[in-house]
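# What the coordinates show
The lines below spell out each chain.
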Amino acid sequence: MSTENLPQSPEQPPRKPRVAVVFGGRSSEHGISVVTAGAVLAAIDRTKYDVLPIGITRDGRWALTADEPERMAITERRTPDVEELAESAEGAVVLPVDPANREVVYSEPGAVPKALGEVDVVFPVLHGPYGEDGTLQGLLELSGVPYVGAGVLASAVGQDKEYMKAVFASYGLKVGPYAVIRPREWEQDRSGARRRIVDFAAEHGWPLFVKPARAGSSIGITKVDDPAGLDEAIEEARRHDPKILVEATLRGREIECGVLEFEDGPRASVPAEIPPPSEHAYYDFEAKYIDSTPGIVPAPLTPEETAEVRRLAVAAFDAASCEGLVRADFFLTEDGEFVINEINTMPGFTPISMYPKMWEASGIGYPELVDRLVQAALRRPTGLR
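Computed from a predicted model, the values in this text were never measured in an experiment. (Residues numbered from 1 in each chain as written. Predicted model: local features only at pLDDT ≥ 70, side-chain atom pairs only at ≥ 80, totals over all residues. Heavy atoms only, no water.)

## Overview of helix α8 (residues 230-238)
Looking at α8, one finds that the buried residues are Leu230, Ala233, Ile234 and Ala237. With its buried residues spanning 100 degrees around the axis, α8 presents them on a single face. Considering only its buried residues, α8 is in contact with α6 (183-188), α7 (190-204), β9 (208-212), β10 (222-224) and β11 (244-248). (Buried < 20%, exposed > 50% of the residue type's maximum accessible area, 1.4 Å probe, protein only. Helix = DSSP H or I, 4+ residues; strand = E, 2+ residues; numbered from the N terminus. Arc of directions from axis to C-beta. Contact = heavy atoms within 4.5 Å.)

## Comments concerning empty space enclosed by the protein
Under the definition given, this model contains 3 cavities of 30 Å³ or more. By volume, the largest cavity amounts to about 60 Å³. Surrounding the largest cavity, Glu29, Gly128, Glu132, Gly158, Gln159, Lys161, Met164, Ala215, Gly216, Glu342, Ile343 and Asn344 form its lining. Among the secondary structure elements, those contributing two or more residues to the lining of the largest cavity are α4 (152-159), α5 (161-170) and β16 (338-344). Among the elements that line the lining of the largest cavity, the one with the most residues is β16, at 3 residues. Across the lining of the largest cavity, the residue classes tally to 3 nonpolar, 5 polar and 4 charged. Here the second largest cavity defines a volume of roughly 50 Å³. Lining the second largest cavity, in full, are Pro124, Leu126, Glu132, Gln137, Val148, Gly149, Ala150, Ser155, Thr345 and Met346. When its residues are assigned to classes, the lining of the second largest cavity shows 5 nonpolar, 4 polar and 1 charged. (1 Å grid on protein atoms, 1.4 Å probe; cavity = no way out; pocket = protein on both sides within 12 Å on 5 of 7 lines; lining within 4 Å. Points joined across faces, edges and corners; volume = space filled by probe spheres on them. Nonpolar A, V, L, I, M, F, W, Y, C, P; charged D, E, K, R; others polar.)

## Some remarks on the confidence of the model for the protein
In the predicted model, the protein carries a mean pLDDT of 91, and 92% of its residues have values of at least 70. The low-confidence segment residues 1-8 (pLDDT under 50) makes 2 contacts with residues lying over four places distant or belonging to another chain. (pLDDT = per-residue confidence, 0-100.)

Written out as structure tokens, the structure is:
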């Protein structure tokens, strides 16, 4: 019997890729991560992607959150919190750990677990430990779920400033003088650790910068002008990380450059300059996020300086085996040399952040930038590559 004249079932339209935007987290950068997620949720193309917002609370619970970017902004000098956005005070989102199953499940005490559908890619906009440092990336690798940004190794290297500097130096990138105080050294011999820092200052000069070795967003950093301020600075840094980094002051201009992975490899944006903030001792958390000290985009550099910092930014991206995106931060010293300070494998992505501003000045606006990052993640397999 012919089926030519029988009514045909309409073909189902292809399913849009589902993007889980994961944010918040257990680090001291929780609030900035929420702000970043708000910007991404507002910019992502809803005609092209389905979106699932998942917030991680400060105590580590994965919560289903409201898809309301307008509630995820800094208000009255205060950053938002996942707990304020969670649809339940007890409900939890569970990612699969079976690579053959990408279905996300939501459960509440006393209720039947609810399937939320499959996730095709995760956009992890977490900053700091327990998210940007390779831990979440490892979970996603086990689950077989593609994700935006650096893999396990590059994320870990990008988070730990000690090993980041060691990797850069091994690849011939210039780094500034630094010293590391490990937890055991401080706990067992404080006077010896303090003496080592004073000796370091005798060689490289005061002031010094004391900072957590594995934190970002300029949190926990203290500019120390003399030995009297050391103990307080160390304790402040250790509130965020038991391992601390001590850096010599580099005299020069702060220059940043964004790197984005294209189909044919990484490319660098136009660079930006961070001028000394007028109301702050240095470019700290308040200057960066609360008072929004504006950067200069593009940086007023010579063509030769611009070409060099862009080259070095891509070299840093490659040295750490990065993927997706990186913001590379440099000092242009008084003798005209670029010294790399650090990279961020998931840089600030708020509307005022320098990474999207540099790419906007390079011809790629915020929505296109988000789309390029998601597409790069969808192209990339999990596992060894």
